[in-house]
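# Close look at the chain arrangement
So you can see what is in the structure, the chains are spelled out below.
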Amino acid sequence: MIPPVRRLATFCALGTALAGLAACGTPQEPLAVRPTAPAHTSAAPTHTAPTPTAPAPASAAPSRPPTLAPGPAGLTPVFRNAPRTAGKTVALTFDADMTADQGARAASGEHFDNPGLIAALRTLKVPATVFMTGRWAEEYPAQARSIGRDPQFEIANHSYSHYAFTDDCYGLPTVPEDRMRADVERAYAAFRKAGVPDAMPYFRFPGGCYDRRALHAVSGTGVTAVQWDVVSGDAFATDADAVARQVLEGVKPGSVVVMHCTRSAAPTTERAVRTIVPELRRQGYRFVKVSELIGAASGRR
């Protein structure tokens, strides 16, 4: 069996012609980050029979999604997995990739979406986090809206353009440093235009490629960068069983698995998921969204 990293490199070599998929980046070790202190909100006590002069109970402040505190010098924090002591939880994440210049390919019939995969996740009742590019949301606004309004899922940011934030990232075009923050913000604008109500403050670098300069460039957006500790190998894969085996061999408590929601370049993902989910449940794992894992890491549940 080809080791996961070597297998990943093989898929990525194929991926250059298709402008690259996010999981083709070799996960980089995150900079040290500090968890945020838990946000404390106090709801007014409930009174079963308030007197006429008693004030109405105050509404609790809306809960904000958990994030990690900035790293040294205010750098964007990077999350890779939850503490292994957090219990047998695992987050399946799916990158909805579409590079900004691929509209002509979509118009000619190439499918960058995967409605069958989303339907399978719904049938299997698997919570999941979809890292979506703004360009994907523009191409498939009804699907973006459907996913974003379904409480089973959460949408997070995968950039607008799917251009790389470092040089030499699997053949992807590169975002200039002075446009990195704007690219992230443009994705959120595309989500709002598509009718996605509340995209999460999480960002996945295209190709998984980042460096200190990129972390600094996006720090003003307030996002937590989300990497992964399990590479599924579904990018350009033709063997769903091999993808499933790679995930099942790699998952540990608190893992983040990177997969894809892109039919043309990850055609086996739905079949692999239909194998992965029942087996991990048999092993006692519970599927959660990334926000729950970050909450465990930051002290918020």
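Let me sum up the structure you'll find in this document. (Residues numbered from 1 in each chain as written. Predicted model: local features only at pLDDT ≥ 70, side-chain atom pairs only at ≥ 80, totals over all residues. Heavy atoms only, no water.)

### Some thoughts on the packing of helix 3 (residues 115–124) against helix 9 (residues 269–282)
As a reminder of what qualifies: Here, axes are lines fitted to C-alpha atoms. For helices the fit covers the stretch in contact, and angles between N-to-C directions go from 0 to 180 degrees. Helix and strand labels come from DSSP, where a helix needs a run of H or I of at least four residues and a strand needs a run of E of at least two; each type is numbered from the N terminus. In what follows, roughly perpendicular refers to angles from 65 to 115 degrees, roughly parallel to angles under 35, roughly antiparallel to angles over 145, and oblique to any angle outside these ranges. Note on convention: the crossing is left-handed when the near helix lies turned anticlockwise from the far helix by less than a right angle, right-handed when the turn is clockwise. Here a residue-residue contact requires only that any non-hydrogen atoms of the pair lie within 4.5 Å.
Two elements in contact, helix 3 and helix 9, have axes whose closest approach is 9 Å; the angle formed by their N-to-C orientations is 20°. Viewed along their axes, helix 3 and helix 9 adopt a mutual orientation that is roughly parallel. Judged by the sense of rotation from one axis to the other, the crossing of helix 3 with helix 9 is right-handed. Counted together, Gly116, Leu117, Ala120, Leu121 and Leu124 of helix 3 and Thr269, Glu270, Val273, Arg274, Val277 and Arg281 of helix 9 form the full contact between these two elements.

### With respect to the environment of Arg274
Stated formally: Note on exposure labels: buried denotes an accessible area under 20% of the residue type's maximum, exposed denotes more than 50%, and partly exposed covers the range between, all computed with a 1.4 Å probe on protein chains only.
By the element assignment, Arg274 lies in helix 9. We classify Arg274 as partly exposed; its relative accessible area is 41%. When the C-alpha positions of Arg274 and Ala120 are compared, they lie 7.5 Å apart, and in sequence the two are 154 residues distant.

### Describing the environment of Val184
Secondary-structure assignment places Val184 in helix 6 (residues 180–194). Val184 sits 24 residues away from Tyr160 along the chain, and the two C-alpha atoms are 6.1 Å apart.

### Considering the side chain of Ser161
Heads up, the rule is: Whenever a nitrogen or oxygen atom comes within 3.5 Å of another N or O atom, the pair is scored as a polar contact, on the condition that within protein one atom can donate a hydrogen and the other can accept it, and that pairs from neighbouring residues in sequence are kept only if both atoms are in side chains.
Its place among the elements puts Ser161 in the loop between strand 4 (153–157) and helix 6. Among the polar contacts listed, one links the side chain of Ser161 to the backbone nitrogen of Tyr163, at a separation of 3.1 Å. At 3.1 Å, the side chain of Ser161 and the side chain of Asp183 are in polar contact. If we ignore the near neighbours within four places in the chain, the residues touching Ser161 are Met98, Thr99, Ala100, Val175 and Asp183.

### Some points on the pairing of strand 4
What counts, and what does not: In this scheme, strands are said to pair when DSSP sees at least two bridges between them.
The buried count for strand 4 comes to five of five residues, which makes it a mostly enclosed element. Of the two faces of strand 4, the one carrying Phe153, Ile155 and Asn157 and the one carrying Glu154 and Ala156 are both buried. Bridging between strand 3 (residues 128–132) and strand 4 involves five bridges; their strand directions are parallel. The partner of Met132 across the bridge, within strand 4, is Asn157.

### Some thoughts on helix 6
Each α-helix turn comprises 3.6 residues. Residues three or four places apart therefore point the same way. This is how it is decided: In a helix, the anticipated span is given by 1.5 Å times the number of residues less one. In this description, the arc belongs to the directions extending from the helix axis to the C-beta atoms.
Given a rise of 1.5 Å per residue, 15 residues ought to cover 21 Å, and the 22 Å separating the end C-alpha atoms of helix 6 matches this to within 8%. Among the residues of helix 6, those classed as buried are Met180, Asp183, Val184, Ala187, Tyr188, Ala190, Phe191 and Ala194. Projected down its long axis, helix 6 shows its buried positions confined to an angular sector of 155°, all on one face. Opposite the buried face of helix 6, at more than 90 degrees from it, the exposed residues are Arg192 and Lys193. Phi turns positive one or two residues past the end of helix 6, at Gly195, with a value near 95°.

### Describing the nonpolar core
It is characteristic of soluble globular proteins that their nonpolar side chains tend to be buried jointly. Worth spelling out the cut-off: Residue types Ala, Val, Leu, Ile, Met, Phe, Trp, Tyr and Cys, when buried and joined through side-chain atoms within 4.5 Å, form a set referred to as a nonpolar core.
Counting 61 residues, the largest nonpolar core has Phe94, Leu121, Met132, Trp136, Phe165 and Phe205 as its most contacted members. Broken down by element, the residue count for this core peaks at seven residues, all from helix 6. If sequence neighbours within four positions are ignored, Phe205 has contacts with His158, Phe165, Tyr210, Ala214, Leu215, Val218, Ala225 and Gln227. Ranked by size, the runner-up nonpolar core spans 17 residues in total, among them Ala156, Tyr202, Val258 and Val288.

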